[in-house]
Amino acid sequence: SQDSMLEQGLTSLGLFLGSGWRVRCDCYDVVSDRETYVFADTARGVAKINFFKIDTGNIPGAVPTCESPNDLDYYSLRDAVWIRCRDQNKDGSYLNVVSASRLSSDIATNIIFTDDDVSSRGYVSTDPSLGDVGYPTDRDSPFLHKIDLSERKVMDDGW
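Computed from a predicted structure; not experimentally measured.

Chemist: With reference to specific residues and values, describe the overall build of the chain.
Modeler: Counting its secondary structure elements, the chain contains one helix and 14 strands. When burial is assessed residue by residue, the chain has 40% of its 159 residues classed as buried. In the chain, once contacts between residues fewer than 6 apart in sequence are set aside, the share between residues at least 24 apart is 30%. As displayed, the chain has an accessible area near 9,000 Å², and 48% of this comes from carbon and sulfur atoms.

Structure follows, in structure tokens:
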């Protein structure tokens, strides 16, 4: 029957377990500060950045983030984790920033790469050798965006 075929399909995706539903838990990226924490972006109903202690494996905290985190980048000069989002966060940004030392600190950003409300897949790259500049990408744009990491804004919209 169609119902049993639907159940089989949902079970194979991990969304249906016989008598009830379950929420998938997906992890998209992992990055570390190489001293204290490993950061993992997860989505299981609510998207979060989980902080794992390197020495114990314990999870001392988690910070909510955009609905579709897909890339993390640790920026040591500011002790922050930059999160590249597929969908906009509550402020309309495709990038979130969290403090790597204050486990409950979400830093406000409003970095927008596209004029419409569609998904924006890509990556972000930061490095101390670049100074206070980062470079996010968008798979639908054939160029790099340049962002000011201290001001958290687009400096050059594609080159």
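From this point, the narrative continues.
Chemist: Mind laying out the side chain of N70, listing which residues take part and the relevant values?
Modeler: Within the element layout of this structure, N70 appears in strand β7 (residues 69–75). A polar side-chain atom of N70 sits 3.2 Å from the main-chain carbonyl oxygen of G122. If near-sequence neighbours (up to four positions away) are discounted, N70 is found in contact with Y28, D29, D41, R84, C85, R86 and G122.

Chemist: Help me get a handle on the nonpolar core, residues and values and all.
Modeler: Generally speaking, a soluble globular protein has its nonpolar side chains buried in company with each other. Among the nonpolar cores identified, the biggest contains 14 residues, and F39, F51, L72, V81 and I83 are the most heavily contacted of them. Among the secondary structure elements, those contributing two or more residues to this core are β4 (37–43), β5 (47–53), β7 and β8 (80–85). Here the element with the most residues in this core is β8; it accounts for three residues. In this structure, Y75, V97, I111 and V124 belong to the second largest nonpolar core, which totals nine residues.

Chemist: Lay out the pattern of salt bridges with the relevant residues and their values.
Modeler: A complete count under the given rule lists one salt bridge for this structure. Between R78 and D132 there is a salt bridge, with its nearest N and O atoms 2.6 Å apart. One end of the pair, R78, is in the loop between β7 and β8; the other, D132, is in the loop between β11 (124–126) and β12 (133–136), with 54 residues separating them in the sequence. By relative accessible area, which is 43% here, R78 ends up partly exposed.

Chemist: Tell me about the confidence of the model for the chain, and please be specific about residues and values.
Modeler: Averaged over every residue, the pLDDT of the chain is 76; residues scoring 70 or more account for 72%. Segment residues 9–16: pLDDT under 50, and 13 contacts once partners within four positions in sequence are set aside and those in other chains are kept.

Chemist: Explain the pairing of β8 residue by residue, including any values.
Modeler: β8 sits mainly inside the fold: six of its six residues count as buried. Of the two faces of β8, both are covered, the one formed by A80, W82 and R84 as well as the one formed by V81, I83 and C85. Across six bridges, β7 lies against β8 in antiparallel orientation. The residue bridging P69 from the neighbouring strand is C85, located in β8. Between the end of β7 and the start of β8, which pair antiparallel, lie four residues, with D79 showing a positive phi angle near 50 degrees.

About the thresholds
- Residues numbered from 1 in each chain as written.
- Predicted model: local features only at pLDDT ≥ 70, side-chain atom pairs only at ≥ 80, totals over all residues.
- Heavy atoms only, no water.
- Helix = DSSP H or I, 4+ residues; strand = E, 2+ residues; numbered from the N terminus.
- Buried < 20%, exposed > 50% of the residue type's maximum accessible area, 1.4 Å probe, protein only.
- Contact = heavy atoms within 4.5 Å.
- Areas by Shrake-Rupley, 256 points an atom, 1.4 Å probe, with all protein chains shown as cover.
- Polar contact = N/O pair within 3.5 Å; in protein donor to acceptor, adjacent residues only side chain to side chain.
- Core = buried A, V, L, I, M, F, W, Y, C linked by side-chain atoms within 4.5 Å.
- Salt bridge = Lys/Arg side-chain N within 4 Å of Asp/Glu carboxyl O.
- pLDDT = per-residue confidence, 0-100.
- Pairing = 2+ DSSP bridges.

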